[in-house]
Amino acid sequence: MNITRRELHRAAIWLALGSMAAPLRARAQSAPRWSANPFGLGVASGQPRPDSVVLWTRLVPSQADDAIGDSALVVKHEIFADAELRRPVARGETVTDASRAHSVHVIAQGLQPQRDYWYRFTCGNAVSKVGHTRTAPAEGADVRRMRFALGSCQHYEQGYYAAHREIGGRDLDFVLFVGDYIYEGSNPSNAVRQHGTKTPHTLDQYRDRHALYKSDADLQAAHAAHPWILTWDDHEVVNDYADDRDPAYTEPERFLRRRAAAYQAYFEHMPLALPPQGAAMRIHDRFAWGRLAELWTLDCRQFRSHHACPDPERDHGRTLVECAELDDAKRTMLGADQERWIKQGLAGSTRQWKLVGQSTQMSATGFDAPEGRKVWTDGWDGYPEARRRFLQGAESAGARDLVVLGGDVHRHVAADLRVRPNDRASPIVATEFVGGSITSRGASRASMDRMRRDNPDVKHARGDERGYALFELTPGRMQCEFRTTEHPVQERATFATQASYVVEAGRPGVQAA
Ligand code: FE
Ligand code: CA
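This is a predicted model, so every value here is computed, not measured.

## What to know about the coordination of the calcium ion (ligand 2)
Now for step 1: Taken together, the protein donors to the calcium ion (ligand 2) comprise Asp180 (OD), Asp233 (OD), Asp234 (OD) and Asp408 (OD), at separations of 2.2 to 2.6 Å.
Now for step 2: Within one chain, the residues donating to the calcium ion (ligand 2) are spaced in sequence as D-x52-D-D-x173-D.
Now for step 3: A gap of 3.8 Å separates the calcium ion (ligand 2) and the iron ion (ligand 1), which Asp180 links by coordinating each metal. Of the two residues, Asp180 sits in the loop between strand E10 (174-177) and helix H5 (203-214) while Asp233 sits in the loop between strand E11 (227-230) and helix H7 (252-268), which places them 53 residues apart along the sequence.

Next comes the structure, spelled out in structure tokens:
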């Protein structure tokens, strides 16, 4: 479904290497004796479909077990229908080795729709924690309710993952995480803990960074509790990168080698089915929840045009007043193929709620200054024609009940989306929610109040607290709750509801709950 045959073939080859390749299997150790449990990064599941889910783990041998890690390893997985692990439904094995950082990716197939499953991995005398997951309902099922959490932006140094502890304890169908899963850089202000290593450039350095994040018990709990649906933003590689360009204007060929390393490490640590091919990786995807909802995830980094009117010294996003290039119709956020794919998806969808998970804020956020309107060039404001095409395409396709979900900007946002932003003559065609940031620092209350004043489409914008967004969908309405705590997030932080909003079926736009 929306994955090409060639991509499926590639996934099949990757998985076959792990499960069947005879030479690798013959050399693999099936019963190593570990002195320390190598499953220290936890377990995860993702990409829930009606009949399958992806299971993930990665083994990290301790120094004492270094020699075990040198050879290929057989890792067994078991899936159960009950939390007590008394009713096994499937088992299998995967061969992994150091060339893939001892990561394990299993596409568990032949499962029943809308069911809870429990799973674990074993390797020799080592056993992983038990994870819980849930398959999607059958494509044609009459689903009355769907619940999920939206998260993004979890700078390790800027707070603890108390939000994930709360997410892990909830009854959810899935977690949607829209990017900045790791941060490559450090920011000394408000640091509650340290990366302890320098900015990653190589595959091993990106692996270490992912392993550090995955070592967090609260993050592990949220992964072990629910299947995750993921897309990325910039910090999984480097701040504000755009296609083959990084802020330092590194020669593209060299930057693409770094991007390939970052994508490879990302894949190795996530419950995803499709590995990268060099510097290219397919992450945008589509999910369905019976007849109730369809969810598309978008990739807003890999295919986008370079920033408009860049600073010739350092090309990160910047705040600009005058820049004719912004309105160039050729500029793209998604690339031509992905743009066509989402447009056709929205036009062809017969499901009620159409959700688009993407990495940043789509509504306009510019400031009115004496010298003119100032816009931030790294967000959708830097790609206004691409935004217009997306919303116009949805409008002309008659895509009702469309809700855009985002991250990146470290604030909770509820907004109306119009083809011409902030223009009351342009009808509201969709609704937007941004889920704040798990830990990363956001803008002050005063600056968000000012942004809201200059952008009447934005009904809510708070960057002074951290957290996530919680959603409940029924055929009649979509409810959104912003769950937040003070910045920076302390280890024992508790969460409260900052605000709640609803979207009524058949009526695009934010309503007070
Ligand atoms: Fe971020
Ligand atoms: Ca970002």
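Structure shown, so let's carry the discussion forward.
## Description of the coordination of the iron ion (ligand 1)
Now for step 1: Bound to the iron ion (ligand 1) are the protein donor atoms Cys153 (SG), Asp180 (OD), Tyr183 (OH) and His410 (NE2), situated 2.0 to 2.5 Å from the metal.
Now for step 2: In this structure, the iron ion (ligand 1) is coordinated by four donor atoms arranged in irregular fashion, with angles at the metal of 88 to 167°.
Now for step 3: Read in sequence order, the donor residues for the iron ion (ligand 1) give the motif C-x26-D-x2-Y-x226-H.

## Quick word on the pattern of salt bridges
Now for step 1: Scanning all chains against the criterion turns up 39 salt bridges.
Now for step 2: Ionic pairing is found between Arg193 and Asp216, a salt bridge with its closest N-O pair at 2.9 Å. Of the two residues, Arg193 is situated in the loop between E10 and H5 and Asp216 in the loop between H5 and helix H6 (217-225); the sequence distance between them amounts to 23 residues.
Now for step 3: What makes Asp216 buried here is its relative accessible area of 9%.
Now for step 4: In this structure, Asp378 engages Arg301 in a salt bridge whose closest nitrogen and oxygen atoms are separated by 2.7 Å. Of this pair, Asp378 sits in the loop between strand E17 (372-376) and helix H9 (384-396) while Arg301 sits in the loop between strand E13 (293-297) and strand E14 (319-320), placing them 77 residues apart in sequence. Here Asp378 matches Arg301 in class, with each residue buried.
Now for step 5: Connected through shared salt-bridge partners, Asp116, Arg134, Arg147, Asp171 and Asp173 make up one network.

## Concerning H5
Now for step 1: Look at H5: 16 Å from first C-alpha to last across 12 residues, which is about the 16 Å you get at 1.5 Å a residue.
Now for step 2: Residues of H5 that are buried include every one of Tyr206, Arg207, Arg209, His210, Ala211, Leu212, Tyr213 and Lys214, and no others.
Now for step 3: Elements in contact with the buried residues of H5: strand E2 (53-58), H6 and H7.

## Brief notes about the state of the cysteines
Now for step 1: Inspection of every chain in the model, using the stated rule, returns one disulfide.
Now for step 2: Each disulfide pairs two cysteine sulfurs, and for Cys309 the partner residue is Cys323, the sulfurs being separated by 2.0 Å. Residues Cys309 and Cys323 are joined by a disulfide whose S-S torsion is about 95°; by sign, that bridge is right-handed. Residue Cys309 is located in the loop between E13 and E14, and its partner Cys323 is located in the loop between E14 and helix H8 (336-348); the two are separated by 14 residues in the primary sequence.
Now for step 3: With relative accessibility at 9%, the residue Cys323 sits in the buried group.

## Considerations on the nonpolar core
Now for step 1: Within the largest apolar cluster, 41 residues are counted, with the highest numbers of intra-cluster contacts made by Tyr181, Trp228, Val237 and Tyr266.
Now for step 2: Elements represented by at least two residues in this core include exactly helix H4 (162-168), E10, H5, H6, E11, H7 and strand E22 (465-473).
Now for step 3: For this core, the leading source of residues is H7, giving seven residues.
Now for step 4: For Trp228, the residues in contact, after removing those within four places along its chain, are Ser45, Gly46, Gln47, Pro48, His164, Val175, Phe177, Tyr181, Leu219, Ala222 and His223.
Now for step 5: In this structure, Trp289, Met478, Cys480 and Tyr501 belong to the second largest nonpolar core, which totals 30 residues.

## What to know about the packing of H5 against H7
Now for step 1: Contact geometry for H5 and H7: axes closest at 8 Å, N-to-C directions at 35°. Seen from above, H5 lies across H7 with right-handed handedness. Two secondary-structure elements touch here, H5 through Leu203, Tyr206, Arg207 and His210 and H7 through Arg258, Ala261, Ala262, Gln264, Ala265, Tyr266 and Glu268.
Now for step 2: The residue inventory of the contact of H5 with H7, partitioned by class, reads six nonpolar, two polar and three charged.

## Structural notes on the sheet that holds strand E20 (residues 428-435)
Pairing between sheet strands relies on hydrogen bonds along the backbone, with the strands arranged either parallel or antiparallel.
Now for step 1: Strand order in the open sheet formed by seven strands is E12-E13-E15-E18-E20-E19-E21, and the pairing between neighbours is mixed. The outermost strands of the open sheet, each flanked by one partner alone, are strand E12 (285-289) and strand E21 (458-462). With direction set aside, neighbouring strand axes in the sheet form an average angle of 20°.
Now for step 2: Pairing analysis gives five bridges linking E13 to strand E15 (residues 353-357), with the strands arranged parallel. Considered in E15, the bridge of Ala293 is made with Trp353.
Now for step 3: On the sheet, H8 packs against E12, E13, E15 and strand E18 (402-406) and is oriented at approximately 175° with respect to E13.

## So, the sheet that holds E17
Now for step 1: Read from one edge to the other, the open sheet built from three strands follows the order E14-E17-E16, with strand pairing classed as antiparallel. Two strands lie at the open edges of the sheet, namely E14 and strand E16 (367-369), each paired on one side alone.
Now for step 2: Both E14 and E17 contribute to a ladder of two bridges, which runs antiparallel. Within the sheet, the bridge partner assigned to Thr319 lies in E17 and is Trp376.

## Some details on the side chain of Ser305
Now for step 1: Topologically, Ser305 is positioned in the loop between E13 and E14.
Now for step 2: For Ser305, a relative accessible area of 17% gives the class buried.
Now for step 3: When residues no more than four places from it in sequence are discounted, the contact partners of Ser305 are Ala242, Lys330, Arg331, Thr332 and Tyr383.

## Quick word on the packing of aromatic side chains
Now for step 1: Inspection of the entire model under this criterion finds 18 aromatic pairs.
Now for step 2: The ring centre of Tyr161 lies 4.7 Å from the NZ or CZ of Arg193, which sits over that ring.
Now for step 3: The side chain of Lys214 reaches across the aromatic face of Trp56, ending 4.9 Å from its centre.

## Regarding the side chain of Thr231
Now for step 1: Summarising the element assignment, Thr231 is placed in the loop between E11 and H7.
Now for step 2: The class for Thr231 is buried, based on a relative accessible area of 0%.
Now for step 3: When neighbours within four sequence positions are excluded, Thr231 is seen to be in contact with Phe177, Val178, Gly179, Tyr266, Ile283, Thr297, Leu298, Asp299 and Gly357.

## Description of the pairing of strand E19 (residues 412-418)
Now for step 1: Within E19, seven of the seven residues are buried, leaving the element largely enclosed by the surrounding structure.
Now for step 2: Burial along E19 is two-sided: His412, Ala414, Asp416 and Arg418 facing one way and Val413, Ala415 and Leu417 facing the other are all buried.
Now for step 3: In the sheet, E19 pairs with E20 via seven bridges, with the strands oriented antiparallel. Along E20, the bridge assignment pairs Ala414 with Phe433.
Now for step 4: With four bridges connecting them, E19 and E21 associate as antiparallel partners. Note on E21: the bridge partner recorded for Ala414 is His460.

What counts, and at which threshold
- Residues numbered from 1 in each chain as written.
- Chains lettered and ligands numbered in written order.
- Predicted model: local features only at pLDDT ≥ 70, side-chain atom pairs only at ≥ 80, totals over all residues.
- Heavy atoms only, no water.
- Donors = N, O, S within 2.8 Å, 3.2 Å for Na, K, Ca; no water.
- Helix = DSSP H or I, 4+ residues; strand = E, 2+ residues; numbered from the N terminus.
- Tetrahedral: all angles 85-135°; square planar, octahedral: opposite > 155°, others 65-115°.
- Salt bridge = Lys/Arg side-chain N within 4 Å of Asp/Glu carboxyl O.
- Buried < 20%, exposed > 50% of the residue type's maximum accessible area, 1.4 Å probe, protein only.
- Expected span 1.5 Å × (residues − 1).
- Contact = heavy atoms within 4.5 Å.
- Disulfide = S-S within 2.5 Å.
- Core = buried A, V, L, I, M, F, W, Y, C linked by side-chain atoms within 4.5 Å.
- Axes fitted to C-alpha atoms, helices over the stretch in contact; angles between N-to-C directions.
- Left-handed = near helix turned anticlockwise from the far one by under 90°.
- Nonpolar A, V, L, I, M, F, W, Y, C, P; charged D, E, K, R; others polar.
- Pairing = 2+ DSSP bridges.
- Phe/Tyr/Trp six-rings, centres within 6.5 Å; stacked < 30°, edge-to-face > 60°.
- Lys NZ or Arg CZ within 6 Å of the ring centre and 35° of its normal.

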